[in-house]
Amino acid sequence: MKGRIFSGVQPTHTLHLGNYLGAVRNWVRMQKEYECIFCVVDMHAITVFQDPAELTKNTREVTAAFMASGIDVSHSIIFAQSQNRVHAQLAWILNCVARVGWLNRMTQFKEKAGKDRENASVGLYTYPVLMAADILGYRATHVPVGEDQKQHLELARDIAQKFNTDFGVECLVPPAPVIGGPAARVMSLRDGTKKMSKSDPSDYSRINMTDDADTIALKFRKAKTDPAPLPGLEVLDEKGFVKAEADALRPEAYNLMAIYAALSDQEIGAVIGAYEGKEFSAFKRDLTELAVSVLGPIGAEMKRLLDHPAEIDAVLSRGATKARAISEPILTEIERAVGFLPA
């Protein structure tokens, strides 16, 4: 094994195609090479108010998505963050190591809190420290992150290094980022300049992992495009990526082609070459057929699992037991370094 992976997803909405292509599918591949811990981060979710019943439902749904996508629970760990109190206990210790100036530089808090920062929860402000505890509490060596989380991972590294320096130990392991993969950034079907998001008010902006074949077809049919034929290979740079100036002119076109490339495990250049000069209508038909063939079985298995919540809960419970077995000795070592007496 190359090391230990830790990653998680908030149970705030139904997972969508962007979550699958940008994260979950890559996790399925990583579990063959790494020891993997995948967490439903419900403690992060409550940094903004969540309806309790919806939070419970969404936690099971995210777990079902992990399992249906191919996370092997006999090999990888899946659990809910709140099922392991090490996360909260370690977060408090790390809150006392992290500096206010570091948190003030976190751009995601500024974006999420907006102009009404005084009314944001303290949890939203200290969210990156809890994320550091999530990672450092398992001595994860690698963390798959998107561009929007890179700053938080750097903070986790800074906290680990400061803790080790302050207490003269090597308790905490600064993690390395794992960034990218095909279609790591999937854009909205209604606006190719915006990332596909669970919070977008339009359900037509995304393909949900629970969508059936008819819904997937309808959403791709309604996906925003332009009247021009599909582009040719001249839009690619020397590395095989779409040139920035070309993407800016036709963001929706390249988003749909990137989705096709990711779903079919091809480079985008191969897709552009195959469809050069063709009309969008024909391309959308092929994209729909491909998406249904990939996502249909996942959606069906999710539905089966959600009809049997006890099966999901049992997986989470077993995963939490394994997660505690890894993290509790690490927390004890950290507490001894700080000077806490044994319980």
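Structure first, text after, so check above.
Quick look at the structure, then. What you are looking at is a predicted structure, and each value in this text was computed from that prediction instead of being measured. (Residues numbered from 1 in each chain as written. Predicted model: local features only at pLDDT ≥ 70, side-chain atom pairs only at ≥ 80, totals over all residues. Heavy atoms only, no water.)

## Considering the overall build of the protein
Here is step 1 of the chain: A tally of helices and strands in the protein yields 14 helices and 5 strands.
Here is step 2 of the chain: Across the 343 residues that make up the protein, the buried fraction comes to 49%.
Here is step 3 of the chain: Intrachain contacts of the protein at a sequence separation of at least 6 include 76% that bridge at least 24 residues.
Here is step 4 of the chain: Surface summary for the protein: the accessible area is close to 16,100 Å², and the carbon and sulfur share equals 54%.
Here is step 5 of the chain: Of the side-chain charges in the protein, 40 are positive and 43 negative, and the distance between the mean point of each set is 2 Å. (Helix = DSSP H or I, 4+ residues; strand = E, 2+ residues; numbered from the N terminus. Buried < 20%, exposed > 50% of the residue type's maximum accessible area, 1.4 Å probe, protein only. Contact = heavy atoms within 4.5 Å. Areas by Shrake-Rupley, 256 points an atom, 1.4 Å probe, with all protein chains shown as cover. Lys, Arg positive; Asp, Glu negative; His and termini not counted. Charge placed at Lys NZ, Arg CZ, Asp CG, Glu CD.)

## Topic: the pairing of strand 1 (residues 4–9)
Where a strand is regular, its side chains alternate between the two sheet faces.
Here is step 1 of the chain: Where burial is concerned, most of strand 1 is hidden: 5 out of the 6 residues are buried.
Here is step 2 of the chain: Of the strand pairs in this sheet, strand 1 and strand 2 (residues 35–40) are connected by 6 bridges, and their pairing is parallel. Counted as the bridge partner of Ile5 is Cys36 from strand 2.
Here is step 3 of the chain: Between strand 1 and its parallel partner strand 2, the chain crosses via helix 1 (residues 17–30), and the hand of that crossover is right-handed. (Pairing = 2+ DSSP bridges. Right-handed = clockwise from strand over helix to strand, strands pointing away.)

## Overview of helix 11 (residues 251–263)
Here is step 1 of the chain: Its 13 residues place the ends of helix 11 18 Å apart at the C-alpha level, agreeing with the 18 Å of an ideal helix rising 1.5 Å per residue.
Here is step 2 of the chain: Among the residues of helix 11, those classed as buried are Pro251, Glu252, Ala253, Tyr254, Asn255, Leu256, Met257, Ile259, Tyr260, Ala261, Ala262 and Leu263.
Here is step 3 of the chain: For helix 11, the secondary structure elements touched by its buried residues are helix 1, helix 9 (213–222), helix 10 (244–249), helix 12 (268–275) and helix 13 (280–306).
Here is step 4 of the chain: Asp265 sits one or two residues past helix 11 and shows a positive phi near 55°. (Expected span 1.5 Å × (residues − 1).)

## So, the nonpolar core
Here is step 1 of the chain: Counting residues in each nonpolar core, the largest one holds 60 residues, and the members touching the most others are Phe66, Phe220, Leu256, Ile259 and Phe283.
Here is step 2 of the chain: When residues no more than four places from it in sequence are discounted, the contact partners of Ile259 are Leu17, Leu21, Val186, Leu189, Phe220 and Leu287.
Here is step 3 of the chain: Grouped together as the second largest cluster of nonpolar side chains are 41 residues, Val41, Leu130, Tyr138 and Cys171 included. (Core = buried A, V, L, I, M, F, W, Y, C linked by side-chain atoms within 4.5 Å.)

Everything listed here is a matter of geometry and, on its own, says nothing about what the molecule does.
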